[in-house]
Amino acid sequence: MSTIRLVAEAVRLASNLAVKEITLFSSEVDRIARVVSTWTLWGGLIVLLACVSGFLLLMVLVKGLGALIGSEAIAAVIGAAPFVLAAVLLTVWGLRKMDVRR
C-alpha cells in the first residue's frame, strides 16, 4: 500500500471514530440530563408537599388552640406570633447587614 492510501484509511477510520464518540457523548449527556431533571422534579415535589403539610399542621394547631381557649382569633394571633417575631428579627438583621457605615 502506498503512503497516500494509508493516510486516507487513517483519516477515514479517525472520522468514523469521531462520529461514534460524538454519538456516545450525546447519548450520555441526554441520559444525565434526564436523571438530573427527574431528581429535580422529585425534590421540588417533596419540598412542595412539605410546605403544604406544614401549613395544614399549622392550621390544625390554630383550630385546636381556638377550640381550647374559645377564640379562634386569639389562637390565630398566638399561632402567627412566632412568624412575626422571625420576620422582625430577620428585618433587623438584614438592616444591620446593609448598614453602609460599618
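Residues numbered from 1 in each chain as written. Predicted model: local features only at pLDDT ≥ 70, side-chain atom pairs only at ≥ 80, totals over all residues. Heavy atoms only, no water.

Engineer: Give me the packing of helix H1 (residues 3-69) against helix H2 (residues 72-97): which residues, what numbers.
Structural biologist: In the contact formed by H1 and H2, the axes pass within 7 Å of each other and the chain directions differ by 135°. In terms of orientation, H1 lies oblique with respect to H2. In this structure, H1 crosses over H2, and the sense of that crossing is right-handed. Of the residues in H2, those touching H1 at Leu-58, Val-62, Lys-63, Leu-65, Gly-66 and Ile-69 are Glu-72, Ile-74, Ala-75, Ala-76, Ile-78, Gly-79 and Phe-83. When grouped by side-chain class, the residues that make up the contact of H1 with H2 number 9 nonpolar, 2 polar and 2 charged. (Axes fitted to C-alpha atoms, helices over the stretch in contact; angles between N-to-C directions. Helix = DSSP H or I, 4+ residues; strand = E, 2+ residues; numbered from the N terminus. Parallel < 35°, antiparallel > 145°, perpendicular 65-115°, else oblique. Left-handed = near helix turned anticlockwise from the far one by under 90°. Contact = heavy atoms within 4.5 Å. Nonpolar A, V, L, I, M, F, W, Y, C, P; charged D, E, K, R; others polar.)

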